[in-house]
Amino acid sequence: FAIASLFQPGLALAADTTLPEVQVTAQSQAESGITIDAETLERKAARDVRDVFQDELGVNVGGGGMTSAQKVYVRGIEDTTLGKTLDGASQGGNVFHHQGRMLVDPDLIKSVEIDKGAALPSSGPGALAGAIRMTTKDAGDLLEAGEKVGGILSGEYSSNKGWKAGATAYAKPVEAFDFLVSGSRQEKENYKDGSGHEYTNTASTQDSLLAKLNWRPFDGHNLSLGYNTLQDEGARFLRNNMTIFARSLAPMEQELGQDNFTATYRYDGSAGGPAAEVVGYRNQTTNWRTNNGAFAMTGSPDD
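Residues numbered from 1 in each chain as written. Predicted model: local features only at pLDDT ≥ 70, side-chain atom pairs only at ≥ 80, totals over all residues. Heavy atoms only, no water.

Peer 1: What exactly am I supposed to notice about the overall build of the protein here?
Peer 2: Per the secondary structure count, the protein includes four helices and 15 strands. Counting every position in the protein, which comprises 303 residues, the buried fraction comes to 37%. Residue pairs in contact within the protein that sit at least 24 positions apart in sequence constitute 54% of those at least 6 positions apart. Of the roughly 17,100 Å² of accessible surface on the protein, a fraction of 56% belongs to carbon and sulfur atoms. (Helix = DSSP H or I, 4+ residues; strand = E, 2+ residues; numbered from the N terminus. Buried < 20%, exposed > 50% of the residue type's maximum accessible area, 1.4 Å probe, protein only. Contact = heavy atoms within 4.5 Å. Areas by Shrake-Rupley, 256 points an atom, 1.4 Å probe, with all protein chains shown as cover.)

Structure (structure tokens):
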């Protein structure tokens with residue numbers, strides 16, 4: 001009787017149900033990227049990597065106010081899994097513990113492109129969390145129409161005990177050739193937070209240099225040679241961004257430096273054939289520490 005009743009006319013097995021509409025959206029690779037141009041960096045008055053990425057959603061910089069301790073995180077994943085380039089030169093991975101790995105003077109940056117999430121195959125290996133591509137300025141970015149030569153003298157002072165001075169010279173003597181040379185020095189004393197607390201062993205001296213030239217032998221062809229270096233030194237604890245050990249470690253002199261040599265050939269495809277870009281580079285990162293404490297390392301450089 002029970003089975004027969006299931007097939008009785010007029011018996012509703014289940015009430016009609018209408019499911020709510022579900023919408024699924026996604027971003028293309030191009031839409032998920034960020035571009036920070038020179039005008040934006042100038043408006044931010046960027047002094048270090050933290051200032052460069054300030055206010056960018058999904059990008060954070062940890063490690064405090066010292067350049068040598070700052071690390072970039074994209075969507076919570078650290079920069080060891082980022083594809084990082086400066087003028088096409090891949091920037092190194094681990095240096096020493098959590099020490100900073102992106103050493104560049106923001107005043108020299110023309111643009112920064114950021115891909116958040118899985119990067120394009122052209123970003124190279126190791127770009128699990130995304131890619132950061134930085135490009136430095138050249139003479140063409142600074143010369144006004146009709147100008148052949150120019151220069152900049154710059155200086156700044158920080159109420160948080162610091163100053164910076166620099167000079168830049170650039171020229172385009174002929175249409176096919178231009179060059180730029182820029183150097184600066186920045187000195188910072190121990191900085192204080194918003195509550196007035198001073199952080200010991202955070203003072204530093206930084207020297208930065210950029211030399212760059214472009215040669216255009218034919219229409220659509222460009223050969224660029226560049227050299228960029230930044231040297232940071234000061235008395236620090238062994239692990240710059242691990243203050244939990246601050247009371248047990250004696251301060252020691254440290255130097256962190258990075259040198260980039262790049263040679264780039266570009267063809268824009270204007271004379272037929274596909275556009276192309278070929279980059280050759282040499283990147284060297286050096287970390288030197290004195291043997292001045294029970295837990296200190298030896299003073300030999302780590303390249």
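Peer 1: Mind showing me how you'd approach unusual backbone geometry here?
Peer 2: For residues that are not glycine, phi is negative in most cases, and the peptide bond is trans in most cases. Phi is positive for Arg75, which is not a glycine, with a value near 55°. Structurally, the position occupied by Arg75 is in the loop between strand E3 (71-74) and strand E4 (77-78). Despite not being glycine, Asp87 has its phi angle at roughly 55°, a positive value. Examined against the element boundaries, Asp87 turns out to sit in the loop between strand E5 (82-86) and strand E6 (89-90).

Peer 1: Looking at this structure, I do not really get the pattern of salt bridges. What am I missing?
Peer 2: Proximity of charged atoms lets side chains of opposite charge pair with each other. Counted according to the given criterion, the structure contains 13 salt bridges. Across the pair Asp107 and Lys164 runs a salt bridge, and its minimum N-O distance is 2.8 Å. Of this pair, Asp107 sits in the loop between E6 and strand E7 (109-116) while Lys164 sits in strand E10 (residues 162-174), placing them 57 residues apart in sequence. In the salt-bridge network here, residues are joined through shared partners; they are Asp105, Asp107 and Lys164. (Salt bridge = Lys/Arg side-chain N within 4 Å of Asp/Glu carboxyl O.)

Peer 1: I'm lost on the sheet that holds E5 in this one. Help?
Peer 2: The strands that make up a sheet pair up through hydrogen bonds in the backbone, lying either parallel or antiparallel. Read from one edge to the other, the open sheet built from five strands follows the order E1-E7-E8-E5-E6, with strand pairing classed as mixed. Edge positions in the open sheet fall to strand E1 (33-37) and E6, since each of these has one partner strand only. (Pairing = 2+ DSSP bridges.)

Peer 1: Could you clarify how one ought to interpret the nonpolar core in this entry?
Peer 2: Inside soluble globular proteins, nonpolar side chains tend to come together where they are buried. Among the nonpolar cores identified, the biggest contains 21 residues, and Ile36, Phe53, Val72, Val112, Ile114, Ile132 and Met134 are the most heavily contacted of them. At the level of elements, E1, helix H3 (49-52), strand E2 (59-62), E3, E5, E7 and strand E8 (130-136) are the ones that each hand at least two residues to this core. The greatest single-element share of this core, amounting to three residues, is contributed by E7. Leu143, Tyr170, Leu180 and Leu210 belong to the second largest nonpolar core, which has six residues in total. (Core = buried A, V, L, I, M, F, W, Y, C linked by side-chain atoms within 4.5 Å.)

Peer 1: Explanation requested: the packing of aromatic side chains in the structure shown.
Peer 2: Pairs of aromatic rings are described using the distance from one ring centre to the other and the angle between the two planes. In the structure shown here, the tally under the stated rule is three aromatic pairs. Both rings, one in Phe177 and one in Phe179, keep their centres 6.1 Å apart while their planes meet at 40°; by these two values the pair is tilted. You can call Phe177 partly exposed: its relative accessible area is 26%. Each ring, one from Tyr227 and one from Phe261, has its centre 4.6 Å from the other, and the planes form 35°; the classification is tilted. One end of the pair, Tyr227, is in strand E13 (residues 221-236); the other, Phe261, is in strand E14 (residues 252-267), with 34 residues separating them in the sequence. Taking the relative accessible area as the measure of exposure, Phe261 reaches 39% and is therefore partly exposed. (Phe/Tyr/Trp six-rings, centres within 6.5 Å; stacked < 30°, edge-to-face > 60°.)

Peer 1: Would you mind going over the environment of Trp215 with me for this structure?
Peer 2: Tracing the sequence through the fold places Trp215 in strand E12 (residues 204-215). Distance in space between the C-alpha atoms of Trp215 and Tyr265 is 9.7 Å, their sequence separation being 50 residues. With sequence-adjacent residues up to four places away left out, Trp215 is seen in contact with Ala176, His221, Asn222 and Leu223.

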